[in-house]
Amino acid sequence: MVEPDAAPSSRRRRHDGAAGAGNRAGAGGRARGRHRGGGEERFSATVEALGALAYDGAGVSASVIDTSTGRALLAIDDRLVQPVGGLGRVLLLIEVAARLEDGRLHGDRLQRMARDTATGPGLWQFLQEPTMQVSDLATLVAATADAWATNALLSTVGIDAVRERAESLGVERSAFIDRVRDRRGPDDAPDIAVAASGELSWVMRGLALGEVVDEGVSNRVLGWLSLAADLSLVAGSFGLDPLAHRALDHGLQSVAVTGSGPGIRAEAGVLRGPGSSVSYAVTVTFEDDTLDRRLAVVEALRTMGTEVLDAVHVTATR
């Protein structure tokens, strides 16, 4: 896998389609991995946990597909468009990789500019080096969702090019819509990016299969994303080293990319295991008014991670 419609106007929405189990789930009820089979029933705990969030007013969208066959294993409001924060950087990195592959960007060094500054995540704002090569900035973006590096790359390739690239790949409901900002005024986009989980899981599948633009672009993007260090959500259930998980570890290889912000938790990834490989995406938007509510979201996403882990221990069937 790794080579060494508009956003909802309110985040507090009820989505009954997400609650397929029909029962509320407590924040502490994460299932332990059993590596069990049984088709879509493998994700019954996920449906229950995400359903509980939806009943509490959260916007919930999730998709899991078998990477090799393309078969849907889980779909919960997977066409629902929601803010995804830094997770939108996947689309930016695809455009950057395409330009590096075709030579439009080659060894270019970008200057750290005042227009690109933002007190968000990342490392460049703390480093002494005022210029960096494009590929190094892409590494920072992939690994840490670096705010300054994101804005520098976006200023270089242009947001319209990122959108056009996404559309050329058949991505119609997900988009990178704005730069990283410290404050968002009434004339600014409400978030950096929006996405539908169904599209994100297919993008991750395409990257894993070498089908996003071409194999060179796909491998370059996957290589960057394999450095992503945030394993606090879905991938937190995989038992991997968050700072060194590129190599095969207990039969597992993971690429997991997250996006977060006030009232936003999102992740997209690919997990390859002993039996099969799955591509997945999930977004939850919620009223981030108490720590308990936020922790309930994290726990639900880790429940999903446990069942994603189970799924890759089952041999894929066509």
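Here the residue numbering is sequential within each chain, running from 1 through the sequence in written order. Where totals are concerned, whole chains, interfaces and linings use all residues; where local detail is concerned, this predicted model gives features only for residues with pLDDT of at least 70, and gives and counts side-chain atom pairs only at 80 or more. Hydrogens and water molecules were not included; the side-chain quantities draw on all heavy atoms of the structure.

Asks: Which residues make up the side chain of histidine 245, and what values do they have?
Replies: Helix numbering and strand numbering both begin at the N terminus, where a helix is a DSSP run of H or I of at least 4 residues and a strand a DSSP run of E of at least 2. The residue histidine 245 is located in the loop between α7 (215–225) and β8 (253–261) in this model. A simple rule labels every residue: compare its accessible area, found with a 1.4 Å probe on the protein chains alone, to the largest value its type can have, and call it buried under 20%, exposed over 50%, or partly exposed in between. Look at histidine 245 and you get buried, because its relative accessible area is 6%. Distance and chemistry together define a polar contact, namely a pair of N or O atoms within 3.5 Å, with one atom able to donate a hydrogen and the other to accept it when in protein, and with adjacent residues in sequence counting only for side-chain atoms on both sides. Here the side chain of histidine 245 touches proline 242 through a polar contact of 3.3 Å, landing on its backbone oxygen. The contact criterion used throughout is that any non-hydrogen atoms of two residues lie within 4.5 Å. Histidine 245 has contacts with Ser226, Ala228, Leu231, Leu240 and Ser254, leaving out every residue within four places of it along the chain.

Asks: Could you give an account of α7, with specific residues and numbers?
Replies: Side chains three or four residues apart in an α-helix point the same way, a direct result of the helix having 3.6 residues per turn. Among the residues of α7, Val217, Ser218, Val221, Leu222, Gly223, Trp224 and Leu225 are the ones counted as buried. Buried-residue contacts for α7 involve α2 (89–102), α3 (134–144), α6 (197–208) and β8. Looking at where α7 begins, the residue whose side-chain oxygen comes 3.1 Å from the main-chain nitrogen of glycine 216 is aspartate 214.

Asks: How would you summarise the environment of methionine 204 if you had to cite specific residues and measurements?
Replies: Tracing the chain through its elements places methionine 204 in helix α6. Methionine 204 sits in the buried class, given a relative accessible area of 1%. Along the sequence, methionine 204 and isoleucine 65 sit 139 residues apart, while their C-alpha atoms lie 10.0 Å from each other. Not counting the four nearest positions on each side in its chain, methionine 204 is found in contact with Leu225, Val255, Ala268, Gly269, Val270 and Ser279.

Asks: Break down the packing of aromatic side chains for me, citing the residues and quoting the values.
Replies: Between 30 and 60 degrees the pair is tilted, below 30 it is stacked and above 60 it is edge-to-face, where a pair is any two Phe, Tyr or Trp rings, Trp via its six-membered ring, whose centres lie within 6.5 Å. A full pass over the atoms with the stated rule returns one aromatic pair. Residues phenylalanine 238 and tyrosine 280 carry aromatic rings whose centres are separated by 6.4 Å and whose planes lie at 85° to one another, so their mutual orientation is edge-to-face. Separated by 42 residues along the polypeptide, phenylalanine 238 in the loop between α7 and β8 and tyrosine 280 in strand β10 (residues 277–285) bring together distant segments of the chain. Taken individually, phenylalanine 238 and tyrosine 280 each receive the classification buried, so the pair is uniform in this respect.

Asks: Residue-level account of the sheet that holds strand β3 (residues 81–83), with values.
Replies: Here the rule is simple: two strands pair whenever DSSP picks up at least two bridges between them. Strand order in the open sheet formed by three strands is β3-β7-β6, and the pairing between neighbours is antiparallel. Each edge of the open sheet carries a strand with a single partner, namely β3 and β6 (175–176).

Asks: Give me the layout of surface pockets: which residues, what numbers.
Replies: Quantified by volume, the largest pocket comes out at close to 580 Å³. Buriedness of a pocket was judged along seven lines, with at least five required to meet protein on both sides within 12 Å; pockets are open sets of points on a 1 Å grid over the protein atoms alone, cavities are sets where a 1.4 Å probe fits but cannot get out, and lining residues have an atom within 4 Å of a point. Together, 28 residues line the largest pocket, and Gly85, Gly86, Pro121, Ile192 and Ser260 are the ones closest to its centre. Broken down by secondary-structure element, the contributors of at least two residues to the lining of the largest pocket are α3 and β8. With four residues, β8 is the largest single contributor of residues to the lining of the largest pocket. Under the scheme applied here, ten amino acids are nonpolar (Ala, Val, Leu, Ile, Met, Phe, Trp, Tyr, Cys and Pro), four are charged (Asp, Glu, Lys and Arg), and all others, including Gly, are polar. The residue inventory of the lining of the largest pocket, partitioned by class, reads ten nonpolar, eleven polar and seven charged. Grid points are joined across faces, edges and corners, and a volume is the space filled by probe spheres set on the points.

Asks: Go over the nonpolar core, please, and point to the residues and values.
Replies: To form a nonpolar core, buried Ala, Val, Leu, Ile, Met, Phe, Trp, Tyr and Cys residues must be joined to one another through side-chain atoms within 4.5 Å. Within the largest apolar cluster, 53 residues are counted, with the highest numbers of intra-cluster contacts made by Val96, Leu137, Leu153, Leu207, Val221, Trp224 and Leu225. Looking at this core element by element, the count peaks at nine residues for α2. Formed by 37 residues, the second largest nonpolar core is a distinct cluster that contains Leu53, Val60, Ala62 and Leu309.

The values reported here are purely geometric and, on their own, carry no functional implication.
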